[in-house]
Amino acid sequence: MAQPAGAPAENAPQQASPCGIVIIGGPSDGGQDTIGGPAKQILTVDGYDASVTFLREYFTNGRNAAAANLKCVSRGYPSLAAVYLKQKLIRERGLESHIIHQYVPDTIPEFEQYVRSCKIMLLSTSMMFGPFVDRVCEHAKRINPAITIIAGGLLIYKSYLIKKLIETGKLPDRLYALAWHPMLKPRKADVDFVVVNRNGEFTLLKLLDSLAKGMEEWRTMDNVYWYNAETTSFVTNPVVEETISDVEVDWSQEPFPHPEWYLFPVRSGQGCPYRCGFCDHYVVEPSMYQCSIDSVIRTLRTVPLVNGYRHVWFTNDNILLGRTQSKKLLQALIDADLHLKWNSFIRVDAIQDEDVADLVAASGCERLNIGVESADATILNNIDKHCTPEMVHRIFQLLIPRGIAVVVLLLIGFPGETMESFHRTIEMVNAIPEGVVQLKAFPLGVLALAPISQQRAKWNLVGVGLDWKHSTMDSITAIKLCNDALDLVRPSVTQLHVHDGECTWDHTKMAKFLTARNILRMRQKGAHENPPDPRTDAELWCCIEENIN
């Protein structure tokens, strides 16, 4: 492909016409059931993970594990960022594009087909790590060396913020390891351009216009870094924040090829006002933005009905922030009569009274991922979580009786964590009322942009990422405790597995299925059942088969 006029071939990105665009929406999950260290804990059948998808195929195929595994196609979930970009490109520039929602083994042939035929690849890095960006870009250039690759999203923006802090002496150089390297230090890269912004869609349109015209405005374009192959580094331009806009999409315009894609992402807001010590969201999104309720309702109406319901994942960091706004949104969902079943993340303090809990249930909520982190008062205070152990107890007392499934998200190892505080948290989990209760325990990851990274002296903290120690614990112990957690809670509290997806069904049957599978996992592992279940393995397998659908 020809170079822009006047640019040496080795110094600048290649020219491309914005006809023929492929958008990559997300990474492979890599089969991981946890982020950052803990081992995968799931029942296996002849060496295959006994996920919900696998077991349904297993029973359908006469308990033939190999046949069931062949039919377990993993295509991930639809990408909101990719669909938003695709629809914006056609609406504002008349540009057609193709989407690879998730770069997983089953989509590789489709990926290679589009990369060969397209001139531009857009990569949304919001849910990606640096090694994945390198891998997918290297793959694309190997298939089509002439393709122009443009990356944007949160990984890019976080890397920019990390570089600024390191250059001003506010972070140690070793925290380069927590960002995408080519943007920080000279190194070979297959990316031609990066859009550096919290949002960036307006900059992307300007960049595509420049490439289409064969002009070189991109050399000095705000928010655009371009890769100089001669110096193996990015040439930088000023970063000017763009205005946030509603992410309104029309899901009815998108193909719906995969039956497991019944959970559609919708955004009703952006940002988080809290500054939890382990989290970097506040730095990346320092201001709150609420999409207009009318825009949210319009998007929801376009979500396909599956078995009579619209299944939605609200992508907000926390969907319910602020009592007045939360009640207004929930009431609007009820009034719209959308036949909605929705999931999301929430904070413990979001639901502390009966009227909000009633609205949550009436609006169609089927499962909530709750950022509990700990049930120890000292840890909650150290994190700056703005909640108490009593509030942790209260939210489950409100949600479980209303038929809402919960995923308890724990953070193990924050400064102040001890064996005593860990066991207090386990006691809290065991006190949650019976229902569909699932658990995800994560070890502390020391993120470069999180408050904890600038409080090292306060906590006597050394290390980064998943290699750290402080006054009361180290990362090796935290990872071990995450692995131990599932065997210390009652058998009816089960782990949430990546390949189970976000599926829910009748909660009574689902709870029986999850408990039976977890008891078999414990027996397979040789773990202690507390309390012991009197059923035989054969009876537990019958329970699984009877209750999986």
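All figures in this text were calculated on a predicted structure; none of them were measured in a lab.

Asks: Looking at this structure, I do not really get the overall build of the protein chain. What am I missing?
Replies: When helices and strands are counted, the protein chain shows 19 helices and 20 strands. By the compact-globule yardstick of 24 Å for 549 residues, the protein chain fits well, its C-alpha radius of gyration being 24 Å. C-alpha extents for the protein chain along the principal axes are approximately 80 × 55 × 50 Å. Considering only residue pairs separated by 6 or more positions, the protein chain has 74% of its internal contacts joining residues 24 or more positions apart. Of the roughly 22300 Å² of accessible surface on the protein chain, 53% is carried by carbon and sulfur atoms.

Asks: What is the right way to read the pairing of strand β13 (residues 310-314) from this model?
Replies: It is a general feature of regular strands that their side chains alternate between the two faces of the sheet. Of all five residues making up β13, five are buried, and the element is well covered by its neighbours. In this sheet, strand β14 (residues 340-347) lies alongside β13 in parallel orientation, the contact comprising four bridges. Along β14, the bridge assignment pairs Val-312 with Trp-342. In terms of handedness, the path from β13 via helix α11 (residues 323-335) over to β14 forms a crossover that is right-handed.

Asks: Teacher, can you tell me more about the sheet that holds strand β17 (residues 437-443) here?
Replies: Backbone-to-backbone hydrogen bonds join strands into a sheet, with any given pair of strands oriented parallel or antiparallel. In spatial order, the strands read β10-β13-β14-β15-β16-β17-β20; together these seven strands make up an open sheet with parallel pairing. Two strands close off the open sheet at either side, each with one partner strand: β10 (263-266) and β20 (493-495). Each neighbouring strand pair of the sheet contributes to a mean axis angle of 25°, computed without reference to strand direction. Helix-sheet contacts for helix α10 (residues 293-301) involve β10, β13 and β14, and the interaxial angle to β13 is about 135°. Sitting on the sheet, helix α18 (residues 507-525) touches β15 (365-373), β16 (405-412), β17 and β20, and the angle it makes with β20 is about 70°.

Asks: Is there a simple way to think about the nonpolar core in this case?
Replies: Most often, soluble globular proteins keep nonpolar side chains buried together rather than apart. Trp-342 and Ile-351 are the most contacted members of the largest nonpolar core, which has 103 residues in total. Excluding residues that lie within four positions of it along the chain, Ile-351 makes contacts with Leu-320, Ile-346, Val-356, Ala-357, Val-360, Leu-368, Ile-395, Leu-398 and Leu-399. Among the nonpolar cores identified, the runner-up in size contains 44 residues, and Leu-161, Leu-165, Val-191 and Tyr-225 belong to it.

Asks: What is the right way to read the environment of Pro-265 from this model?
Replies: On the secondary structure map, Pro-265 appears in strand β10. Separated by 184 residues in the primary sequence, Pro-265 and Ala-81 have C-alpha atoms spaced 9.3 Å apart. Contacts of Pro-265, omitting those with residues within four sequence positions, involve Pro-78, Leu-80, Trp-251, Trp-313 and Thr-315.

Asks: Just checking my understanding: could you explain the packing of helix α15 (residues 419-430) against helix α17 (residues 475-488) for this structure?
Replies: A pair of packed helices can be characterised by two numbers: the angle between their axes and the separation between those axes. For the pair α15 and α17, the least separation of the axes is 10 Å and the interaxial angle reads 35°. Remark: the crossing between α15 and α17 carries right-handed chirality. Contacts between α15 and α17 involve Met-419, Phe-422, His-423, Ile-426 and Asn-430 from the first element and Leu-481, Ala-485 and Leu-488 from the second. The class makeup of the residues in the contact of α15 with α17 is six nonpolar, two polar and no charged.

Asks: I tried to follow the state of the cysteines on my own but got confused; where do I start?
Replies: A covalent bond bridging the sulfur atoms of two cysteines is what the word disulfide describes. Applying the stated criterion to the full structure yields zero disulfides. With no disulfide of its own, Cys-482 lies 17 Å from the sulfur of Cys-279, the closest cysteine sulfur.

Asks: Is there a simple way to think about the packing of helix α1 (residues 52-60) against helix α19 (residues 537-547) in this case?
Replies: Axis separation between α1 and α19 bottoms out at 10 Å; the angle between their running directions is 100°. Taken together, the axes of α1 and α19 lie roughly perpendicular to each other. Facing Leu-55, Tyr-58 and Phe-59 of α1, the residues of α19 in contact are Trp-541, Ile-544 and Glu-545.

Asks: I'm lost on the pattern of salt bridges in this one. Help?
Replies: Close approach of charged atoms lets side chains of opposite charge pair. The full count for this structure, using the stated rule, is 30 salt bridges. Of the charged contacts, one joins Lys-86 and Glu-254 as a salt bridge, the two residues approaching to 3.1 Å between their closest N and O atoms. Of this pair, Lys-86 sits in helix α3 (residues 80-93) while Glu-254 sits in the loop between β9 (233-235) and β10, placing them 168 residues apart in sequence. Between Asp-209 and Arg-93 there is a salt bridge, and its shortest N-O distance comes to 2.9 Å. One end of the pair, Asp-209, is in helix α8 (residues 201-213); the other, Arg-93, is in helix α3, and 116 residues separate them in sequence.

Asks: Could you clarify how one ought to interpret the pairing of β14 in this entry?
Replies: Burial analysis of β14 places six of its eight residues in the buried class, which makes it a mostly covered element. Traced from β14 through helix α12 (residues 354-362) to β15, the parallel crossover comes out right-handed.

Rules and cut-offs
Residues numbered from 1 in each chain as written. Predicted model: local features only at pLDDT ≥ 70, side-chain atom pairs only at ≥ 80, totals over all residues. Heavy atoms only, no water. Helix = DSSP H or I, 4+ residues; strand = E, 2+ residues; numbered from the N terminus. Rg over C-alpha atoms; globule rule 2.2 N^0.38 Å. Contact = heavy atoms within 4.5 Å. Areas by Shrake-Rupley, 256 points an atom, 1.4 Å probe, with all protein chains shown as cover. Buried < 20%, exposed > 50% of the residue type's maximum accessible area, 1.4 Å probe, protein only. Pairing = 2+ DSSP bridges. Right-handed = clockwise from strand over helix to strand, strands pointing away. Axes fitted to C-alpha atoms, helices over the stretch in contact; angles between N-to-C directions. Core = buried A, V, L, I, M, F, W, Y, C linked by side-chain atoms within 4.5 Å. Left-handed = near helix turned anticlockwise from the far one by under 90°. Nonpolar A, V, L, I, M, F, W, Y, C, P; charged D, E, K, R; others polar. Disulfide = S-S within 2.5 Å. Parallel < 35°, antiparallel > 145°, perpendicular 65-115°, else oblique. Salt bridge = Lys/Arg side-chain N within 4 Å of Asp/Glu carboxyl O.

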